[in-house]
Amino acid sequence: MSSGRLSVVVTRRLPETVEKRLSELFDVSLRKDDTPMSRADLVEAVRTADVIVPTLTDRIDAALIAQAGDQLRLIANYGAGVDHIDVHTARQHGILVSNTPGVSADDTADMAMALILGVTRRIPEGLAVMQAGGWDGWSPTALLGGRLAGRRLGILGLGRIGQAVARRAAAFGMQIHYHNRRRLREETEQELGATYWESLDQMVARMDVLSLNCPHTPSTFHLMNARRLKLMKPDAVIVNTSRGEVIDENALTRMLRAGEIAGAGLDVYENGPEVNPRLCALPNVVLLPHMGSATVEGRVEMGEKVILNIKTFQDGHRPPDQVVPAML
């Protein structure tokens, strides 16, 4: 790349410190309000910018990439997940893709534990009683939840986030089990006290709590489908802080309504903000608006990684967090 200032388009509002640093380093176009770009705006961005900085709300598909100008050479994603970007097509057009891995692992793991506690200890139900002014005092049988210590936690996807969940859950006395595409090294399993299950079906059928921490790829779409959800114990709960597409949301809703699964804690949804209204009405479900990585520290660190990827690219080197199709 030349030593001139790169033209960079950012598709959403970012933390002020990140936007300020981007403006100092690059010829940057920032959003005036925190709303997703329209399709027309995205088309204009890929036609004119050297670099675009999208987020998970932007669909960077083959049709959009086909309209990109020759000057577009980097898609520096603000976030770890890249399922909204057609990485294969970008590569065919000579456009690099980078992301921000590892930044939000602890934050998302914290939220996974919050959801596990929220569901098993019925925290939202207790909060609702207090907010409604309906508490009549302590009772030995009111809002009884379940103890975490001794329960089996099955982690689907023991990567950075999954391992962070495992460490937190172990501190609560939970037994750690996991399923991965590839088994981890023996020393990692020993460090985490984790038991590997080659069969996902067998693991799902024996867990008290199931935490989904895998990425969304074609192979993980509806990985927890109706058949596999039916394998869960009736007193088990499921928590998802990964991607909503990993669960068949309609099947999950039916089973929760029927009492075939005890509860669920969800931070992500199959159709984004369009959540099944029947799911919202269930008392045994804790729903959050995709808050897993929503910490000031995490969002600033994500921005710093974006800046590092762009600056490294500008200096003529491969971005440190480049994503290639073989990684997906």
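The rules behind each value
- Residues numbered from 1 in each chain as written.
- Predicted model: local features only at pLDDT ≥ 70, side-chain atom pairs only at ≥ 80, totals over all residues.
- Heavy atoms only, no water.
- Helix = DSSP H or I, 4+ residues; strand = E, 2+ residues; numbered from the N terminus.
- Contact = heavy atoms within 4.5 Å.
- Areas by Shrake-Rupley, 256 points an atom, 1.4 Å probe, with all protein chains shown as cover.
- Lys, Arg positive; Asp, Glu negative; His and termini not counted.
- Charge placed at Lys NZ, Arg CZ, Asp CG, Glu CD.
- Pairing = 2+ DSSP bridges.
- Axes fitted to C-alpha atoms, helices over the stretch in contact; angles between N-to-C directions.
- 1 Å grid on protein atoms, 1.4 Å probe; cavity = no way out; pocket = protein on both sides within 12 Å on 5 of 7 lines; lining within 4 Å.
- Points joined across faces, edges and corners; volume = space filled by probe spheres on them.
- Nonpolar A, V, L, I, M, F, W, Y, C, P; charged D, E, K, R; others polar.
- Phe/Tyr/Trp six-rings, centres within 6.5 Å; stacked < 30°, edge-to-face > 60°.
- Buried < 20%, exposed > 50% of the residue type's maximum accessible area, 1.4 Å probe, protein only.
- Core = buried A, V, L, I, M, F, W, Y, C linked by side-chain atoms within 4.5 Å.
- Salt bridge = Lys/Arg side-chain N within 4 Å of Asp/Glu carboxyl O.
- Polar contact = N/O pair within 3.5 Å; in protein donor to acceptor, adjacent residues only side chain to side chain.

Novice: Which residues make up the overall build of the protein chain, and what values go with them?
Specialist: Scanning the protein chain for helices and strands turns up 13 helices and 12 strands. With the principal axes as the frame, the protein chain shows a C-alpha extent of 70 × 50 × 30 Å. Within the protein chain, counting contacts between residues at least 6 apart in sequence, those at least 24 apart form 60% of the total. Of the accessible surface of the protein chain, which amounts to about 16200 Å², a share of 51% is contributed by carbon and sulfur atoms. Each charge sign in the protein chain was given a centre, from 37 positive and 39 negative side chains, and these centres are 4 Å apart.

Novice: Outline the sheet that holds strand β3 (residues 51-53), supporting the account with residue identities and numerical values.
Specialist: What the five strands build is an open sheet, ordered β2-β1-β3-β4-β5; its pairing is parallel. Edge strands, defined here as strands with exactly one partner in the open sheet, are β2 (27-29) and β5 (96-98). With direction set aside, neighbouring strand axes in the sheet form an average angle of 20°. Relative to strand β4 (residues 74-76), β3 is paired through two bridges, and the arrangement is parallel. From the neighbouring strand, Val51 faces β4, where its bridge partner is Leu74.

Novice: Quick rundown of the environment of Gly150? Include the residues and the values.
Specialist: Within the fold, Gly150 resides in the loop between α6 (123-131) and β6 (152-156). With 20 residues separating them in the primary sequence, Gly150 and Ala170 have C-alpha atoms 9.6 Å apart. Not counting the four nearest positions on each side in its chain, Gly150 is found in contact with Gly173, Met174 and Gln175.

Novice: Residue-level account of empty space enclosed by the protein, with values.
Specialist: Inspection of every chain in the model, using the stated rule, returns one cavity of 30 Å³ or more. Size it by volume and the largest cavity reaches roughly 40 Å³. Lining the largest cavity, in full, are Asn240, Gly244, Ile247, Glu249, Leu252, Leu266, Val268 and Glu270. Split by residue class, the lining of the largest cavity holds four nonpolar, two polar and two charged.

Novice: Got a sec to walk through the packing of aromatic side chains? Specific residues and values, please.
Specialist: Enumeration according to the criterion identifies one aromatic pair in this entry. Consider the rings of Tyr178 and Tyr196, whose centres lie 5.2 Å apart with planes at 50°: the pair is tilted. One end of the pair, Tyr178, is in strand β7 (residues 175-179); the other, Tyr196, is in strand β8 (residues 194-196), with 18 residues separating them in the sequence. The class for Tyr178 is buried, based on a relative accessible area of 0%.

Novice: Account for the nonpolar core, naming residues and giving values.
Specialist: Residues Met224, Leu229, Met232, Ile238 and Leu252 are the most contacted members of the largest nonpolar core, which totals 28 residues. At the level of secondary structure, the elements contributing two or more residues to this core comprise α9 (200-206), β9 (209-212), α11 (249-258) and β11 (263-266). When residues in this core are grouped by element, the largest group, four residues, is from α11. Those residues within four positions of Met224 in sequence are excluded, and the remaining contacts are Val204, Leu210, Leu212, Leu229, Met232, Ile238, Val246, Ile247 and Asp248. Ile116, Ile176, Leu192 and Val237 belong to the second largest nonpolar core, which has 24 residues in total.

Novice: Which residues make up the pattern of salt bridges, and what values go with them?
Specialist: Throughout the structure, instances matching the rule amount to 19 salt bridges. Here the salt bridges do not stand alone but share partners, grouping Arg39, Arg59 and Asp61 into one network.

Novice: Lay out the side chain of His177 with the relevant residues and their values.
Specialist: With respect to the helices and strands, the residue His177 is situated in strand β7. Side chain to side chain, His177 and Trp197 meet in a polar contact 2.9 Å long.

Novice: So what's going on with the layout of surface pockets? Which residues, and what values?
Specialist: The volume enclosed by the second largest pocket comes to roughly 250 Å³. Along its surface, the second largest pocket is lined by 18 residues, and Val119, Thr120, Arg122, Val237 and Ala262 are the ones closest to its centre. Put simply, the parts of the chain that give the lining of the second largest pocket at least two residues each are α5 (105-120), α6 and β12 (285-287). Looking at which element gives the most residues to the lining of the second largest pocket, the answer is α5, with three residues. In terms of residue class, the lining of the second largest pocket is built from eight nonpolar, six polar and four charged.

Novice: Can you break down the side chain of Asp61 residue by residue, with the values?
Specialist: Within the element layout of this structure, Asp61 appears in the loop between β3 and α3 (62-65). For Asp61, the contacting residues outside a window of four places in its chain are Arg39 and Asp86.

Novice: How would you summarise the environment of Arg152 if you had to cite specific residues and measurements?
Specialist: For Arg152, the location among the structural elements is in strand β6. What makes Arg152 partly exposed here is its relative accessible area of 28%. Separated by 84 residues in the primary sequence, Arg152 and Ala236 have C-alpha atoms spaced 9.6 Å apart. When residues no more than four places from it in sequence are discounted, the contact partners of Arg152 are Gln175, His177, Trp197, Arg206, Met207, Asp208 and Val209.

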